[in-house]
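# Architecture at a glance
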Amino acid sequence: YDATGKVQLDPDRQVQDTVRALFATFRRSGSAGMTARTLVQQGVRFPCRPAHGPRMGELVWNELTYSRTIEVLHNPRYAGAYALGRTRQRKLGSKGRTTRKLARSEWSVLLRDKHGGYISWDEFEENQRRLYANNWRTRGTLAWLGRVQADLDPRMKEPGERLNCPLGQVAPRFEESEGEVPGGT
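The rules behind the values
Residues numbered from 1 in each chain as written. Predicted model: local features only at pLDDT ≥ 70, side-chain atom pairs only at ≥ 80, totals over all residues. Heavy atoms only, no water. Phe/Tyr/Trp six-rings, centres within 6.5 Å; stacked < 30°, edge-to-face > 60°. Helix = DSSP H or I, 4+ residues; strand = E, 2+ residues; numbered from the N terminus. Buried < 20%, exposed > 50% of the residue type's maximum accessible area, 1.4 Å probe, protein only. Axes fitted to C-alpha atoms, helices over the stretch in contact; angles between N-to-C directions. Parallel < 35°, antiparallel > 145°, perpendicular 65-115°, else oblique. Left-handed = near helix turned anticlockwise from the far one by under 90°. Contact = heavy atoms within 4.5 Å. Nonpolar A, V, L, I, M, F, W, Y, C, P; charged D, E, K, R; others polar. Arc of directions from axis to C-beta.

A word on the packing of aromatic side chains. For the coordinates displayed, the defined rule picks out three aromatic pairs. On the basis of an interplanar angle of 40° and a centroid distance of 5.9 Å, the ring pair of Y78 and Y118 is categorised as tilted. Here Y78, found in the loop between helix 3 (66–74) and strand 3 (82–84), pairs with Y118, found in the loop between strand 6 (109–111) and helix 4 (121–134); they are 40 residues apart in sequence, far enough to count as distant. Accessibility expressed as a relative area gives 16% for Y118, which makes it buried. Aromatic side chains W121 and F124 sit 4.9 Å apart centroid to centroid with 35° between the ring planes, which places their arrangement in the tilted category.

Shown next, in the form of structure tokens:
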């Protein structure tokens, strides 16, 4: 934030360059894991300004992790958007709480182009599609298992055949669809 409370890019040029390097590396590699590994191998430390604790507000440089890479790539703030209500928390009694990410249609607020960003909204959307396509959980585990079994058993080549899942279930064979990305527009 600037002196008037408006959201702005971090005033530290090294912070800006490092964040831009993360997006540029993802643009080239298309993989969050490869992005994190590449920057770590290059000795790049990633900036953080803790929101609480003894170093609250200070600029801290940490080794980039996969989870931090995913967090940055999924955060619409880096594309100049203001978003509120992207998650819901639920108390689990004395055991703490659980947090669930919501589909974009369930967010409380999403205001695009509200401040300067490191990437455009179009690039943010493309990043979400790439991350979705790269995630084996969102591509359909049964489709993956079906393809693996079909690769192992050449008799299983016809669409719609029933395949025995290694987990003991029987599932119809199907291919990945080009469906809508959850949270997409």
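Still to come is the rest of the account.
What follows covers the packing of helix 1 (residues 13–29) against helix 2 (residues 32–41). Axis separation between helix 1 and helix 2 bottoms out at 9 Å; the angle between their running directions is 125°. One element, helix 1, and the other, helix 2, form an angle in the oblique class. Once helix 1 is placed against helix 2, the crossing between them reads as right-handed. Of helix 2, the residues touching helix 1 (which contributes L22, T25, F26 and S29) are A32, M34, T35, T38 and L39. Residues that form the contact of helix 1 with helix 2 fall into these classes: five nonpolar, four polar and no charged.

Quick look at unusual backbone geometry now. For D113, which is not glycine, the phi dihedral falls at a positive 55°. Owing to a relative accessible area of 62%, D113 belongs among the exposed residues under this scheme.

A word on helix 3. Buried within helix 3 are the following residues: T69, I70, V72 and L73. An end-on view of helix 3 places all buried positions within 165° of arc, on one side of the element. For helix 3, the secondary structure elements touched by its buried residues are helix 1, helix 2, strand 1 (45–48) and helix 4.

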